[in-house]
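# Structural characterization, general
Here is how the chains run, residue by residue.
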Amino acid sequence: MSGGQVILQLQRLSFGRPMAKAKSKSPSEDELRRQHERFMVRWRSLTSLGRTLIITLGVISFGYVTVYMPIEVSHGEETVISHVNHFVANIDATVYLAWGAAASAAFWGKLERSQKLAEREVKDKRIRELEKQLDPNVTSSQLDVSGDNNVKGKK
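## Some remarks on the overall build of the protein
Summing up its helical and strand segments, the protein has 4 helices and 0 strands in all. Out of the 155 residues in the protein, the part that is buried amounts to 1%. Counting every atom, the protein has about 14,500 Å² of accessible surface; 63% of that belongs to carbon and sulfur.

## Examining the pattern of salt bridges
Within the structure shown, the criterion is met by 6 salt bridges. A salt bridge links E31 to R34, with the nearest nitrogen and oxygen atoms 3.1 Å apart. Of this pair, E31 and R34 both sit in helix α2 (residues 29–74), 3 residues apart, roughly one helical turn. What makes R34 partly exposed here is its relative accessible area of 41%. Linked through salt bridges whose partners overlap, the residues forming this network are E29, D30 and R33.

## Describing the confidence of the model for the protein
Put simply, the protein has an average pLDDT of 80, and 77% of its residues get 70 or more. Predicted confidence in the protein is weakest over helix α1 (residues 3–13), with a mean pLDDT of 58, and strongest over helix α4 (residues 93–134), with 91.

## A word on the packing of aromatic side chains
Under the criterion given, the structure shown has 1 aromatic pair. Relative to Y68, the ring of Y64 has its centre 5.4 Å away and its plane inclined at 25°; by these criteria the two rings are stacked. You can see Y64 and its partner Y68 sitting in helix α2, 4 residues apart, about one turn around the helix. Since its relative accessible area comes to 42%, Y64 is described here as partly exposed.

Definitions and limits used
- Residues numbered from 1 in each chain as written.
- Predicted model: local features only at pLDDT ≥ 70, side-chain atom pairs only at ≥ 80, totals over all residues.
- Heavy atoms only, no water.
- Helix = DSSP H or I, 4+ residues; strand = E, 2+ residues; numbered from the N terminus.
- Buried < 20%, exposed > 50% of the residue type's maximum accessible area, 1.4 Å probe, protein only.
- Areas by Shrake-Rupley, 256 points an atom, 1.4 Å probe, with all protein chains shown as cover.
- Salt bridge = Lys/Arg side-chain N within 4 Å of Asp/Glu carboxyl O.
- pLDDT = per-residue confidence, 0-100.
- Phe/Tyr/Trp six-rings, centres within 6.5 Å; stacked < 30°, edge-to-face > 60°.

What follows is the structure, encoded as structure tokens:
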């Protein structure tokens, strides 16, 4: 009797209904992949939670050690912390913001001017080359890129 005939005999014994396939005890490759992905998601969540917990505890500890403990120990005495607190409390932020904006605008303007002059120098060089190709006898205005007179002895 062949394997196919054995299966037919077993189906007949089950009153014509096909027998349920026996579940394989080893999971399929897709199931293993899904299990691994679930494990990795859990692992990433736990490590992220752990990192967040460590950072939070570090910030709280830093604040406790650097702010609360020295103030508790000083008991109203004049300390460096009291001077720093007084300075921070009396800062006029609008003045610092205005000076910061002015300094950054001046820096930005200087940077833009230097970029513009560098670009102008490249373009002027190309223009001079093209003018020489068109007319070899062309003369220059003797001005440099910044617009200053470039003739030696004259300024």
